[in-house]
Amino acid sequence: MFLLLYRTNLFNLYISFCATQYITHHIEKDDDSFYPFILNDMMGLSKLKGVLVEDVELALKGHVKEGYKFNPETPLTEDNQFYIARPTPNDKVQILVCVIPADKISIMDSEVLEKIKNIRLKASALHIPQVTILTKIDDLPLEMHAKINVYAIKGVKEKMKAAQANMGFPLNCMFPVKNYHEEINMNREVDALILSAMRHIIQYGDDFIKFSQNRSEPKIDSL
């Protein structure tokens, strides 16, 4: 799955689950406001019925409108009502995040891995930074403790190295996280990893914005 982070007036987090449409989710902060990010569902990657590389590239460039129903056989075309011909900065992506279950890395299909590599190439051509979130590390045969540095755990490091070998993500751009699935209350161990990943992702997005702004500023000839 992919999470596409937009950073302008809001943080727009575009994340792929099992959705077939591009749907926005706002997270309510209180009765009158929302948190400054947005979650969007995007069709996930699979060998036969996953999102097309072409559609992800269009989303990166800001051409996909909310409500678009992904077609695993045909990409979005310019004559489609859900195609944004002139995307604004708010429509464009500042960071690409690949979200992968840590326990599935070793059994991922070669065609899915090839899709991920191609999508990364498209993002790199646009100078968009890319990171990976490795989820479900609590499903690995590990003993997790709050005082243990998760990056130092042998099983986690092995999965990170496997992801690096299979998809090319640098180790310092990978963020292992635990999932909420049994807990009924908030858990500091789980939250710490998720918030740490989010902090780094947002920083990458901010760095990209500064980079883009510097590139777009007109050059002034020296006198």
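Further up the page is the structure itself.
Just so it is clear, the structure is predicted and the values come from calculations on it, not from any experiment.

Engineer: Would you mind showing me how to read the pairing of strand β5 (residues 95-101) here?
Structural biologist: A regular strand places its side chains so that they alternate between the two faces of the sheet. Across the 7 residues of β5, 6 count as buried, placing the element largely inside the fold. Taken together, β5, helix α2 (residues 110-125) and strand β6 (residues 130-135) constitute a β-α-β crossover, and its handedness is right-handed.

Engineer: For this particular structure, what's the right way to read unusual backbone geometry?
Structural biologist: The bulk of non-glycine residues show a negative phi, and the bulk of peptide bonds are trans. Positioned with a positive phi, His127 is a non-glycine residue whose angle comes to about 65°. Tracing the chain through its elements places His127 in the loop between α2 and β6. Despite not being glycine, Lys136 shows a phi value in the positive range, around 60°. Structurally, Lys136 can be placed in the loop between β6 and α3 (154-167).

Engineer: What exactly am I supposed to notice about a nonpolar patch on the surface here?
Structural biologist: A surface patch of nonpolar side chains, about 310 Å² in accessible area, is lined by Tyr180, Met186 and Ile194. When you line up the elements, Tyr180 lands in the loop between β7 (174-176) and α4 (188-216). A relative accessible area of 34% places Tyr180 in the partly exposed class.

Engineer: Sorry, what's going on with a negative patch on the surface here?
Structural biologist: Together, Glu28, Asp30, Asp31 and Asp32 line one region of the surface with negative charge. Inspection of the secondary structure assignment puts Asp31 in the loop between β3 (23-30) and β4 (33-43). Judged by relative accessible area, Asp31 falls into the exposed class, the value being 73%.

Cut-offs and rules
- Residues numbered from 1 in each chain as written.
- Predicted model: local features only at pLDDT ≥ 70, side-chain atom pairs only at ≥ 80, totals over all residues.
- Heavy atoms only, no water.
- Buried < 20%, exposed > 50% of the residue type's maximum accessible area, 1.4 Å probe, protein only.
- Helix = DSSP H or I, 4+ residues; strand = E, 2+ residues; numbered from the N terminus.
- Right-handed = clockwise from strand over helix to strand, strands pointing away.
- Patch = residues over 30% accessible without salt bridge, like charges linked within 9 Å, V, L, I, M, F, W, Y side chains within 5 Å.
- Areas by Shrake-Rupley, 256 points an atom, 1.4 Å probe, with all protein chains shown as cover.
- Salt bridge = Lys/Arg side-chain N within 4 Å of Asp/Glu carboxyl O.
- Lys, Arg positive; Asp, Glu negative; His and termini not counted.
- Charge placed at Lys NZ, Arg CZ, Asp CG, Glu CD.

Honestly, that's just the spatial picture; any functional story needs more than this.
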